[in-house]
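# Observations on chain architecture
Now for the letters of each chain:
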Amino acid sequence: MEINRMQTLMSASRVKAHLPAVVDAADADRLALGFFAESVYAEFSRKEQLLVLVDVQGGEEIYAGHLLFDVKFPKAHVLQIHVAKRFRGHQLGSALLDALKAHLTDLGFISIFARVAEDLTQANGFWNSQGFYTQRLTQGGKSRNRTIVVRAHELKTAQLFCGSGISAADPLGLDFGEQRTRPLYLLDLNVLFDLGPRRERHLSALDVFRAERMQTCALAISSEIEVELTRTARDTKTDPMLAFAGMLSRFPVPDADVLARLLPGLGEIVFPARSRAGTLSANDLSDLKHLATAIHNGLPGLITNDETVLAAAPSLRKEYGLDVLSPVRFQAPLDEHEQPVVHAASNDDTITIERAQHDDAQAIQALLTCLGIGVVEQLSQWAAAEDKSTACVRLVARCEGAVIGYMALPASPQRSNVRAYVAVREDLAGAEAAAHAFLLRLHESVPIGGVGNIHLSCPDQQATLREAAASFGYTASPSAPTELMKVSLKQHVRASTWGTTRQALLSAVAMQLPENPPEYRHVDQQLPLLRRDGQRMHVSIFQLEALLAPALLCLQGRNGVMVPIQRRFEEPLIAQSPQTSWLPVNKAQLRPQRLYVSGPKTLKNFHRGDLMFFYESSKDKGTRSVIAVGRVLRAFHRGQGEVETADLSGSILTEDQLSEIGAATTKTVTVFDNVLRLPCPVSLEHLKSLGCGSSQQLLTAQRLSAQQVQGILEKGFQ
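Report follows, based on the coordinates. The shown structure was predicted, so the numbers you read here are calculated from the model rather than taken from an experiment. (Residues numbered from 1 in each chain as written. Predicted model: local features only at pLDDT ≥ 70, side-chain atom pairs only at ≥ 80, totals over all residues. Heavy atoms only, no water.)

### Brief notes about the packing of helix α18 (residues 431-444) against helix α19 (residues 463-471)
Basically, it comes down to this: Helix axes use the C-alpha atoms of the stretch in contact, all axes being lines fitted to C-alpha atoms, and the angles between their N-to-C directions lie in the range 0 to 180 degrees. Labels follow the DSSP assignment, with helices taken as runs of H or I lasting at least four residues and strands as runs of E lasting at least two, numbered in each case from the N terminus. Throughout this description, any angle smaller than 35 degrees is read as roughly parallel, any larger than 145 degrees as roughly antiparallel, any in the 65 to 115 degree range as roughly perpendicular, and the remainder as oblique. By the definition used in this description, the sense in which the near helix is turned from the far one sets the handedness, with an anticlockwise turn below a right angle giving left-handed and a clockwise turn giving right-handed. Residue contacts follow a heavy-atom distance rule, with two residues in contact if any of their heavy atoms lie within 4.5 Å. For this classification, Asp, Glu, Lys and Arg are treated as charged, while Ala, Val, Leu, Ile, Met, Phe, Trp, Tyr, Cys and Pro are nonpolar and the rest, including Gly, are polar.
Contact geometry for α18 and α19: axes closest at 9 Å, N-to-C directions at 45 degrees. Between α18 and α19, the angle is such that the two are oblique. In this structure, α18 crosses over α19, and the sense of that crossing is right-handed. For the pair α18 and α19, the contacting residues are Ala431, Glu432, Ala435, His436 and Leu439 in the first and Thr464, Leu465, Ala468, Ala469 and Ser471 in the second. Counted by class, the contact of α18 with α19 contains six nonpolar, three polar and one charged residues.

Encoded structure:
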C-alpha cells in the first residue's frame, strides 16, 4: 500500500458515497466502537463531523477508515475512530487524528476529548501516544460495569489564557520550561572567610562557588554581612573581603517589626540558654539576623560553618522550612566513583567508565566542541577543565582507549536532586553501550529506598542517548528538547509503607499520591495524582511504575509468577549483587529491560504486569530462596533458529547456551524490568508454608496467588 494514495475526506458531498462502508465497519466492531444508528452517521456527515480515510486507486476511492466526532465550542469529542484491518500498521489512525487536530485548531477550538474503557490496554496506549492525557475517570453503563477513562488533548490554539500544562508526554509535571530555577542560598560570613587559601576549610568553600558556576545554585548575602565586616575591618577602604562581598547579590535585613517577630523564636531554637537569659552576643544576634533574612525573603537555605547553627538545622527546617547547609554538602561523592567499571558491549567491545584524569581534558573539550557545546558552557555547566574540583564527579567512557563519552555530575546540596550533563559521540563504536552505561551509573546514584529527582542535559542530535533514556523512564521537555527528566523511586511500595513513600515523593518532587493505597484491580487501573503545579492527573499503575522506575507497587490483590534461576545466571542478570565482581559487567545489566528465557509451556504463566519473583536454586551453591522481584512487561515464543544476537542483548545467554534451557527448539522469552533485590531472601521452608515450595513447583515457572505474593513480600521485608 502506498501512503501517498491516502486522502482524508470531510465535505458532505464526498463523504456521502462512503456512508455504507462506514456503517458496516462500525457495526462489525461494536464491542470497541459502540452502536450508533445509520441515521446518526448521515446526520454527522451533513454537519461535516465525519472524517473518512480513502485509498485512491485508479480514480476509485476505497474506504480505509473513519473518525466520528461531535463539537460544542470550544471543545470536541471523538466518538469513534476506526481503521479497516487491511490498512492497519501504517499509522493511519494517527493520520486521522492529525487531520482533526489541524481542522479544529484552525477553527479556534481549545481541546479534544475521547472516552476509552480502562481495560482496553491497546486503545489506551494509542490515545496516550497521540498526546491524550487522562483527565478523569467515570463509571460506564450498568450492563458492562466498566470504568471509563476520559482523555483530553489541548490544541496549540492561540488563547487569551494559558492551558492546563498537562500533557501525555509529561504526565508527572516535571517540566517547568523557562520557569526552571536554581535554588538561591544565603551565605554566612564564615564561608567567605574560608575562601582564604590558608583556612582549613578552604577547599569546601571553593566548592560552594564552583557549584554556582556550574549553575547548581545561586548565592547571595544579607546586608548584615556588610555590617559585620565594617564592624570588624581595620580599614574599610582597603579591606579585600568587604570589597568581595560587594560583588555578591544582597538581601536587606528585614525591618524592625519583622525582626521582633522572628528573632525570639529563632533564638529559642539556636541559642536557647543565652536567649532565655537575655545574654545574646553581637555575633549571636548577627547569626539570627542572617536566618531571619533568609526566612523573610522565602529563600530555601543558608550556608554556614557555624556548628551551633548547623546543630539546629532539623528544628529550623521543621519550624520555618529553611535548610541550613554546611559547605561540605557541596562536595561530590568522588570515592563512590573511584573504581573503573568495565561493561561488555553487544559487539564484543568493552566500555570502561572511570573518573576523568588531567590528561583527558583535551579529549573532553574536543568531544563537546564536536557536539556543538560552546566554550562558555564547557567550562561552566559541563566542568570540562575542572580536573582538580571536588564539587563535581567527571566520568569518561572509553572504547579501545579512546574517549567516546563524557558525564558531569555536579554535587547537589539537596540529596534528592540529581543533576547530570551527558554527551556521547554517536558516530563511534560503542556509543550505544556508553549511553546505557552512563544512565546506569546515574540510576545507581539514587540509594536503595530513596527518591531521586533527576534532570539530565545533553547536546542536540543525541538520538542514541535519548532512546536509551526513554527505556529508563525519562521524559523529554517539550520546551527544551535537550533536557530530560525522571523521578526514580527505588522502593517496593506496599500497603504498610504507602504513607512513608507518599511523604517521600511529596518532599522530593512535590507529587502527591492518594492518601490511602488503592484496592488493586488490574495493572491498567488509573490512579489519581496531584502534581506540583496543582494539576490533578490520572496515570495507570503500569505507566506510573515505568515513570518512577524501578518502583514496584506491591498492592494487596496483585498476582505474580515465580521463576527458577541458577546462581551463575542470577548474578549477571539481576545485578545489585552483594558480592563485588572484577569481571566485565554483563551487557544485560546495561538495559533496564531484561530477558528471562524458559521452556515453551511456561508462556501461559506470564501475564503483563505480574510481579516476577526469582528463586535461586541450590545449583552452584545457590541459596534456595527468593532473592529478587521485578515486573513482567510481556512474554512471547521464539524459535531457537529465529534468535539473533541482537535478540539476546537483554539476556545473559548466548546462542550456544539456549540449548541449556530445555530440549525444545521453541523458547518462551519474558521481558521484565524494575528488578530489585529483597532485603531478606525468602527461604525454601517459608515457600513451602505458603504452598509454592515443592520440588516440582520450583522446577519451572509457577503462578502465584495474591495471598502468596503478599506472604513472600512480608517475609522479604521482615
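Okay, back to it.
### A look at the pairing of strand β23 (residues 536-540)
Within a regular strand, side chains alternate between the sheet's two faces. Defined as follows: Exposure classes here rest on a 1.4 Å probe applied to the protein chains alone. A residue is buried below 20% of its type maximum, exposed above 50%, and partly exposed in between. Only strands that DSSP links by at least two bridges are regarded as paired with each other.
Taken across its five residues, β23 has four buried, putting it largely inside the fold. Sheet topology note: the strand β22 (residues 526-530)/β23 ladder contains five bridges and is antiparallel. Paired with Leu530 across the bridge in β23 is Arg536. In textbook terms, the turn of a hairpin is the stretch between consecutive antiparallel strands, and for β22 and β23 this stretch comprises five residues, one of which, Gly534, has a positive phi near 90 degrees.

### Examining the sheet that holds strand β9 (residues 218-222)
Reading across the sheet, the five strands line up as β10-β9-β8-β11-β12 and stay open at both edges, with parallel pairing between neighbours. Both outer strands of the open sheet, β10 (249-251) and β12 (323-325), are each paired with one neighbouring strand and no more. Neighbour to neighbour, the strand axes of the sheet diverge by 35 degrees on average, direction disregarded. Seen against the sheet, helix α8 (residues 202-213) touches β8 (184-187), β9 and β11 (301-303) and runs at an angle of roughly 125 degrees to β9. Packed on one face of the sheet, helix α13 (residues 282-296) meets β8, β9, β10, β11 and β12 and runs near 165 degrees to β8.

### Comments concerning the environment of Ala211
Tracing the chain through its elements places Ala211 in helix α8. In this structure the C-alpha to C-alpha distance between Ala211 and Gln381, which are 170 residues apart in sequence, comes to 9.1 Å. In contact with Ala211, other than residues within four places in its own chain, are Thr216, Cys217 and Phe330.

### Some points on the pairing of strand β27 (residues 611-616)
The buried fraction of β27 amounts to six of the six residues, a majority that puts the element mostly inside the structure. On β27, burial covers both faces: Leu611, Phe613 and Tyr615 on one face and Met612, Phe614 and Glu616 on the other are all buried. Here strand β25 (residues 560-565) runs beside β27; their pairing, made up of six bridges, is parallel. Looking across to β27, one finds that Ile565 is bridged to Glu616. Both β27 and strand β28 (residues 625-639) contribute to a ladder of six bridges, which runs antiparallel. Looking at β28, one finds that Phe613 is bridged to Val629.

### What to know about helix α22 (residues 567-574)
The set of residues buried in α22 consists of Phe569, Glu570, Pro572, Leu573 and Ile574. Against the buried residues of α22 lie β25, β26 (594-598), β27, β28 and β29 (666-683).

### Structural notes on the sheet that holds β29
Overall, mixed pairing links the six strands, which are arranged β26-β29-β28-β27-β25-β30 in an open sheet. The outermost strands of the open sheet, each flanked by one partner alone, are β26 and β30 (702-704). The sheet shows a mean angle of 40 degrees between the axes of neighbouring strands, taken without regard to direction. In the packing of helix α24 (residues 706-716) onto the sheet, contacts are made with β25, β27, β28, β29 and β30, and the angle to β29 comes to roughly 45 degrees.

### Considerations on the nonpolar core
Operational definition: In this description, a nonpolar core means a group of buried Ala, Val, Leu, Ile, Met, Phe, Trp, Tyr and Cys residues linked to one another through side-chain atoms lying within 4.5 Å.
Membership of the largest hydrophobic core comes to 41 residues, with the highest contact counts inside it found for Leu67, Val78, Leu100 and Trp127. Of all the secondary structure elements, the ones that give two or more residues to this core are β1 (6-9), α2 (19-28), α4 (38-46), β2 (50-57), β3 (60-72), β4 (75-83), α5 (92-106) and β5 (111-117). Residue contacts for Leu67: discarding those within four places in its chain leaves Gln49, Leu50, Leu51, Val78, Gln80, Ile81, Leu96, Leu97 and Leu100.

### Considering α13
We apply this condition: A helix is expected to span 1.5 Å for every residue after the first.
The terminal C-alpha atoms of α13 lie 21 Å apart, and with 15 residues this matches the ideal 21 Å at 1.5 Å per residue to within 8%. Listed in full, the buried residues belonging to α13 are Asp284, Ser286, Asp287, Leu288, His290, Leu291, Ala292, Thr293, Ala294 and Ile295.

### A closer look at the side chain of Arg398
To be explicit about the condition: Polar contacts, as used here, are pairs of N or O atoms within 3.5 Å; protein pairs need one atom able to donate a hydrogen and one able to accept it. Residues neighboring in sequence count only if both atoms are side-chain atoms.
In this structure, Arg398 sits in strand β15 (residues 392-399). A polar side-chain atom of Arg398 sits 2.7 Å from a polar atom in the side chain of Asp360. Here Arg398 is in contact with Thr350, Ile351, Thr352, Glu354, Gln357, Asp360 and Val403, once residues within four sequence places are set aside.

### What to know about the pattern of salt bridges
Stated formally: Each salt bridge in this description consists of a side-chain nitrogen of Lys or Arg and a carboxyl oxygen of Asp or Glu lying within 4 Å of one another.
In this structure the tally under the stated criterion is 25 salt bridges. Across the pair Asp323 and Arg317 runs a salt bridge whose closest N-O atoms are separated by 2.6 Å. The class for Arg317 is partly exposed, based on a relative accessible area of 40%. A salt bridge links Glu545 to Arg631; the nearest nitrogen and oxygen atoms lie 3.2 Å apart. Within this pair, whereas Glu545 is found in helix α21 (residues 541-547), its partner Arg631 is found in strand β28, the two being separated by 86 residues in sequence.

### Observations regarding the packing of aromatic side chains
This is how it is decided: Aromatic contacts are taken between Phe, Tyr and Trp rings whose centres are within 6.5 Å, Trp giving its six-membered ring; a plane angle under 30 degrees counts as stacked, one over 60 as edge-to-face, and the others as tilted. Each ring is checked for a lysine NZ or an arginine CZ that lies within 6 Å of its centre and within 35 degrees of its normal; such an atom marks a charge sitting over the ring.
Counted by the stated rule, this structure contains nine aromatic pairs. Relative to Phe614, the ring of Tyr596 lies with its centre 6.4 Å away and its plane at 75 degrees, an arrangement referred to as edge-to-face. In this pair, Tyr596 sits in strand β26 while Phe614 sits in strand β27, placing the two residues 18 residues apart along the sequence. Here Tyr596 matches Phe614 in class, with each residue buried. Each member of the aromatic cluster is reached from another via a ring pair, and the members are Phe126, Trp127 and Phe132. Across from the ring centre of Phe113, 5.5 Å away, lies the NZ or CZ of Lys75, which sits over that ring. Stacked on the ring of Phe542, the Lys or Arg Arg631 has its end atom at 4.2 Å from the ring centre.

### A few points about the packing of helix α11 (residues 256-270) against helix α15 (residues 313-320)
In the contact formed by α11 and α15, the axes pass within 9 Å of each other and the chain directions differ by 145 degrees. Here α11 and α15 pass one another in a crossing that is right-handed. Along the contact surface, α11 presents Leu262, Gly265, Leu266, Ile269 and Val270, while α15 presents Ser315, Leu316, Glu319 and Tyr320. The residue makeup of the contact of α11 with α15, split by class, is six nonpolar, two polar and one charged.

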